[in-house]
Amino acid sequence: MTALLEVEGLEISFGSLAAVRGASLQVNKGETHCLVGESGCGKSVTALSIMGLLARNGRRDARVLRFDGTDLLALNERAMSRLRGNRLAMIFQEPMTSLNPAYTVGSQMIEVMQRHRGATRAAALARAEELLARVRITSPGMRLGQYPHQLSGGLRQRVMIAMALMCSPELLIADEPTTALDVTVQAQILRLLSDLQKDLGLAILLITHDLGVVARTAHRVSVMYAGEVVESAPVAQLFTKPMHPYTRGLLDCVPVPGKVRRDQPLGSIPGMVPRMTQSFRGCAFVERCTLARPDCAGEIVRHRLAAQHDYLCQIPPDRVTAP
Amino acid sequence: MTTPLIEIRDVGHQFRVKSGLFAQPKRIVAVDGVSLSLPAGGVLGVVGESGCGKSTLAKIILGLIEPSAGEVLIDGRRLDGLDRRERARLIQPVFQDPYSSLNPRRRVRDIVGVPLVAQGGIADGEIRRRVDAMLARVGLDPELGERQPAELSGGQRQRVAIARALVLHPRIVVCDEPTSALDVSVQAQILNLLAELRRELGLSYLFISHNLAVVEHVASEVAVMYLGRIVERAETETLFRAPRHPYTKALLASVLTPEPGLGIPDTELGDTMPDPANIPPGCRFHPRCPAAIDRCRSDAPMPRRDRRGLAECHLVEMA
């Protein structure tokens, strides 16, 4: 396993609001890493900051931010834009807002290839057609001349994926790529991503709030809460041995088809996500945690359960895993 | 047999959509020949993908859209024969997005009080007392009544919407994707609250959702919609344990349960998307159906029922 993307101690703030507070994660070559969490936990800004796309009032700092050995922190905007869309690509939740409604699918797809690879229009169009077919869009030649509004949501997301693949990136960051889609289409898109990964050796950083998507696609999972990665583990470990009370709470909240009992309430996490400032110390989950102790307000040390499994909580594991 | 609380018979609705300045308006068939009933105290789940007509159906039942065909009976009386105040006392909505369904310029207290004010003849003190009681009942500090929606979280806003729906003590609540805009931990809080309120206040729900796991958790009976029609209906356990319509099977197979190691299911549905402006001949599901036979392409199946429920498919064997 070779690391393609290494993030250590990532801090992102917008004014006094600390959106990400020391998050670390590593995406290996050819692997899907899921970043899971609820709204406002900092997962999307983490992705944007890796791409160097934070809003102007956002501040980014990190101990390590490396892509395939290149220190992204040391790159200026020009050097970063040579990577972006080329070796690092990103797709977003709502394909309609990420596609320009005034341009045809073809002209949007070829732009990235002409810019990064200096490809001719004809060569780029041929590549676009090939990729549309690759993401299983029927009559790709015709689609190139269509506008985004003429496509269904699932087709638009396929176009976004094909566009992201134009320059054969090594890392694809997908921010909630199937959240706006129907379940049957979601399954098709995720299958497509997984096939592409196998064929192209693509590494995927998949950002989602859906634990079903995580369970079925991830090799490795990082759970984010209030700007921190509170637990990180290989997927099977995370679902069978969740160590952080938040991870456990999240898993209990999800109704599982075939296993739900209608007369019983779902597990839920009381309260809501706190608004974090940079001066905050201690465990951010403390107010919602049923196991909290007085020392949870102090500095929390990261514990390691196995070589690949660590979590940010000091309460003994037996109290977390006990039913 | 007791009268069902909601009974809809052969309800249909079409929209006309202009596609261009000189183009012929398109006819969009949103709901087509739907019959359903909801017994008192029951929860009827309606599932289906975007564009299947489930929200139009909700609006018809709420009296917000007049159906172009068929009739809706609420507690045995025709919906179009009830005046607005009577209707409001019987049936209330909770919508998906608590960000757009609450007036951003009004205080929470006034939002929740609107149905009481609209009834007329209720004294201010009484309105205040009922609003406070209802806010407390949905788990909101009555002090939040002085705030505006923008100061509340998504979960709190959805509680406000629920309080507004219940302040008149209606018998039916139409929940249209009530938790789709919420995070999972908040979704669980709201689903638990809805279940509690139903038991305590003897409510019946029409519960519309695209999330099958949620519907399985809350509904006693489920109707599956596809392109404006109910293609299968059965008790929740029966439907989830042994779906019969190929579309229901595909929907259930597409659900990604949080169980690692199972991979991503192959729905075998192909790439044709349902288009309510262009309903296929024969069975409307046939272009996507992995089991379609020649007959499905020309001959529209009729709904057939047996003790396991209703299905509209040539290939389903009836008991």
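Data block above holds the structure.
Sequence order as written defines the numbering, with residues in each chain counted from 1. Ligands are numbered from 1 and chains lettered from A, in the order in which they are written. It should be noted that, the model being predicted, local features are given only for residues of pLDDT at least 70 and side-chain atom pairs only at 80 or more, the latter also being counted only at that level, while totals for whole chains, interfaces and linings use all residues. The side-chain numbers reported here are obtained from all heavy atoms of the structure, hydrogens and water having been left aside.

**Quick word on the overall build of chain A**
Here is step 1 of the chain: In terms of helices and strands, chain A carries twelve helices and 13 strands.
Here is step 2 of the chain: We compute the radius of gyration over the C-alpha atoms and compare it with the globule rule, which gives 2.2 Å times the number of residues raised to the power 0.38. By the compact-globule yardstick of 20 Å for 323 residues, chain A fits well, its C-alpha radius of gyration being 21 Å.
Here is step 3 of the chain: Considering chain A as a whole, with its 323 residues, one finds that 55% of them fall into the buried category.
Here is step 4 of the chain: What makes two residues a contact is simply this: any of their non-hydrogen atoms within 4.5 Å. Sequence separation of at least 24 residues holds for 65% of the intrachain contacts in chain A that already meet a minimum separation of 6.
Here is step 5 of the chain: Surface accessibility follows the Shrake-Rupley procedure with a 1.4 Å probe radius. Residue values consider only the protein chains on display as shielding. Accessible area of chain A: about 13,800 Å², with a carbon and sulfur share of 50%.
Here is step 6 of the chain: Neither His nor the chain termini are counted; the positive set is Lys and Arg, and the negative set is Asp and Glu. Where a charge lies is defined by one atom per residue type: Lys uses NZ, Arg uses CZ, Asp uses CG and Glu uses CD. Where the 37 positive side-chain charges of chain A centre and where its 29 negative ones centre are 3 Å apart. Secondary structure elements are taken from DSSP: a helix is a run of H or I of four residues or more, a strand is a run of E of two residues or more, and numbering for both begins at the N terminus. Only protein chains enter the area calculation, which uses a 1.4 Å probe; residues under 20% of their type maximum are buried, those over 50% are exposed, and those in between are partly exposed.

**Some remarks on the pattern of salt bridges**
Residues and elements named next belong to chain B.
Here is step 1 of the chain: Salt-bridge detection follows one rule: a side-chain nitrogen of Lys or Arg within 4 Å of a carboxyl oxygen of Asp or Glu. Under the defined criterion, the tally for this structure stands at 37 salt bridges over all chains.
Here is step 2 of the chain: Here Arg130 ties to Glu126 by a salt bridge, and the two come within 3.2 Å at their closest N and O atoms. One end of the pair, Arg130, and the other, Glu126, are both in helix α4 (residues 124-137), four residues apart, so they sit about a helical turn from each other.
Here is step 3 of the chain: Residues joined by salt bridges that share partners form a network here, namely Arg107, Arg109, Asp110, Arg128, Asp132 and Glu146.

**Concerning the nonpolar core**
Here is step 1 of the chain: By convention a nonpolar core is built from buried Ala, Val, Leu, Ile, Met, Phe, Trp, Tyr and Cys residues, the set being connected through side-chain atoms within 4.5 Å. If you look at the biggest cluster of nonpolar residues, it comprises 141 residues, and the most contacted ones within it are A:Met109, A:Ile161, B:Ile162 and B:Phe207.
Here is step 2 of the chain: Ignoring anything within four residues of it in the chain, the contact list for A:Ile161 reads A:Ile91, A:Val135, A:Ile189, A:Leu192, A:Leu193 and A:Leu196.

**A look at the sheet that holds strand β8 (residues 171-175) of chain A**
Residue and element names in this part refer to chain A.
Here is step 1 of the chain: Should DSSP find at least two bridges between two strands, the strands are regarded as paired. Strand order in this open sheet of eight strands is β7-β8-β9-β3-β10-β11-β13-β12, and the pairing throughout is mixed. Of all strands in the sheet, those with a lone pairing partner are β7 (88-91) and β12 (303-306), marking the two edges. Across the sheet, the mean angle from the axis of one strand to that of its neighbour is 20°, orientation sign disregarded.
Here is step 2 of the chain: Bridge count between β7 and β8: four bridges; the pairing is parallel. For Ile91, the partnering residue across the bridge sits in β8 and is Ala174. Axis definition: a line fitted to C-alpha atoms, over the contacting stretch in the case of helices. Angles run 0 to 180 degrees between N-to-C directions.

**Focus: the sheet that holds strand β6 (residues 91-94) of chain B**
Residues and elements named next belong to chain B.
Here is step 1 of the chain: The strand order β6-β7-β8-β3-β9-β10-β12-β11 describes an open sheet built from eight strands, whose pairing is mixed. Pairing within the sheet leaves two strands with one partner each, and these edge strands are β6 and β11 (304-306). In this sheet, neighbouring strand axes are inclined to one another by 20° on average, regardless of whether the strands run parallel or antiparallel.
Here is step 2 of the chain: As defined by bridge partners, β6 adjoins strand β7 (residues 172-176) across four bridges and the pair is classed as parallel. Bridge pairing in β7 places Pro93 opposite Val174.
Here is step 3 of the chain: Set on the sheet, helix α6 (residues 184-201) makes contact with β3 (43-47) and β8 (204-209); between it and β8 the angle comes to about 155°.

**Looking at the interface of chain B and chain A**
Here is step 1 of the chain: At the interface, 44 residues of chain B touch 45 residues of chain A.
Here is step 2 of the chain: For the pair chain B and chain A, the interface holds zero salt bridges.
Here is step 3 of the chain: Contributing elements (two or more residues each) for the side of chain B that touches chain A: α6, α7 (212-218), α8 (236-241) and α9 (246-254) of chain B.
Here is step 4 of the chain: If you tally residues by element for the side of chain B that touches chain A, the top one is α6(B), at eight residues.
Here is step 5 of the chain: Class assignment for the residues of the side of chain B that touches chain A results in 20 nonpolar, 16 polar and eight charged. Note on residue classes: Ala, Val, Leu, Ile, Met, Phe, Trp, Tyr, Cys and Pro are nonpolar, Asp, Glu, Lys and Arg are charged, and everything else, Gly too, is polar.

**Structural notes on the packing of helix α4 (residues 105-117) of chain A against helix α7 (residues 153-164) of chain A**
All names here are of chain A.
Here is step 1 of the chain: Between α4 and α7, the shortest axis-to-axis distance is 9 Å and the interhelical angle comes to 25°. In terms of axis orientation, α4 runs roughly parallel to α7. Crossing angle aside, the handedness with which α4 passes α7 is right-handed. Between α4 and α7, the residues in contact are Val105, Gln108, Met109 and Val112 and Val159, Ala162 and Met163, respectively.
Here is step 2 of the chain: Residue classes in the contact of α4 with α7 are distributed as six nonpolar, one polar and no charged. Throughout this description, any angle smaller than 35 degrees is read as roughly parallel, any larger than 145 degrees as roughly antiparallel, any in the 65 to 115 degree range as roughly perpendicular, and the remainder as oblique. By convention, the crossing between two helices is left-handed when the near helix turns anticlockwise from the far helix through less than a right angle, and right-handed when the turn is clockwise.

**Details of unusual backbone geometry**
Both trends apply: most residues other than glycine have a negative phi, and most peptide bonds are in trans.
Residues and elements named next belong to chain B.
Here is step 1 of the chain: With phi around 50°, His169 is a residue other than glycine that occupies positive phi space.
Here is step 2 of the chain: One non-glycine residue, Leu227, adopts positive backbone phi at about 45°.
Here is step 3 of the chain: Within the element layout of this structure, Leu227 appears in the loop between β9 (221-226) and β10 (229-235).
Here is step 4 of the chain: Overall, the relative accessible area of 3% leaves Leu227 in the buried class.

**As for the packing of aromatic side chains**
Residues and elements named next belong to chain B.
Here is step 1 of the chain: For this analysis, a ring pair means two rings from Phe, Tyr or Trp (six-membered ring only for Trp) whose centres lie within 6.5 Å, classed as stacked if their planes differ by under 30 degrees, edge-to-face if by over 60, and tilted for the remaining angles. Within this structure, the stated rule accounts for six aromatic pairs over all chains.
Here is step 2 of the chain: Ring plane angle 80° and centroid distance 5.0 Å describe the contact between Tyr226 and Phe285, whose orientation is recorded as edge-to-face. Here Tyr226 is found in strand β9, whereas its partner Phe285 is found in the loop between α9 and α10 (294-298), with 59 residues between them in sequence.

**Topic: the packing of α7(A) against helix α8 (residues 183-200) of chain A**
Residue and element names in this part refer to chain A.
Here is step 1 of the chain: Relative orientation of the contacting elements α7 and α8 amounts to 15°, with a least axis distance of 10 Å. Classed by the angle they form, the pair α7 and α8 counts as roughly parallel. You can see that α7 and α8 cross each other, and the crossing is right-handed. Residues Gly154, Gln157, Arg158 and Ile161 of α7 touch α8, and the partners they reach there are Val185, Gln188, Ile189, Leu192, Leu193 and Leu196.
Here is step 2 of the chain: Looking at the contact of α7 with α8 residue by residue, the classes come out as six nonpolar, three polar and one charged.

**Points about the side chain of B:Glu177**
All names here are of chain B.
Here is step 1 of the chain: Inspection of the secondary structure assignment puts Glu177 in the loop between β7 and α6.
Here is step 2 of the chain: Glu177 sits in the buried class, given a relative accessible area of 7%.
Here is step 3 of the chain: Ignoring anything within four residues of it in the chain, the contact list for Glu177 reads Lys54, Phe95, Gln96, Ile208, Ser209 and His210.

**Some words on the environment of A:His219**
Residues and elements named next belong to chain A.
Here is step 1 of the chain: Structurally, the position occupied by His219 is in the loop between α9 (211-217) and β10 (220-225).
Here is step 2 of the chain: Apart from the residues lying within four places of it in its own chain, the contact partners of His219 are Gly30, Glu31, Thr32, Gln197, Pro234 and Val235.
Here is step 3 of the chain: Counted as a polar contact is a pair of N or O atoms within 3.5 Å, where, for protein atoms, one must be capable of donating a hydrogen and the other of accepting one, and residues adjacent in sequence contribute only when both atoms are in side chains. At 2.7 Å, the side chain of His219 and the backbone nitrogen of Thr32 are in polar contact.

**As for α4(A)**
Residues and elements named next belong to chain A.
Here is step 1 of the chain: Given a rise of 1.5 Å per residue, 13 residues ought to cover 18 Å, and the 19 Å separating the end C-alpha atoms of α4 matches this to within 8%.
Here is step 2 of the chain: Within α4, the full set of buried residues consists of Val105, Gly106, Gln108, Met109, Ile110, Val112, Met113 and His116.
Here is step 3 of the chain: Those residues of α4 hidden inside the fold are in contact with α2 (77-83), α5 (121-134), α6 (140-143) and α7.
Here is step 4 of the chain: Within two residues after α4, Gly118 carries a phi angle of roughly 60°, on the positive side. To estimate how far a helix should reach, multiply one less than its number of residues by 1.5 Å.

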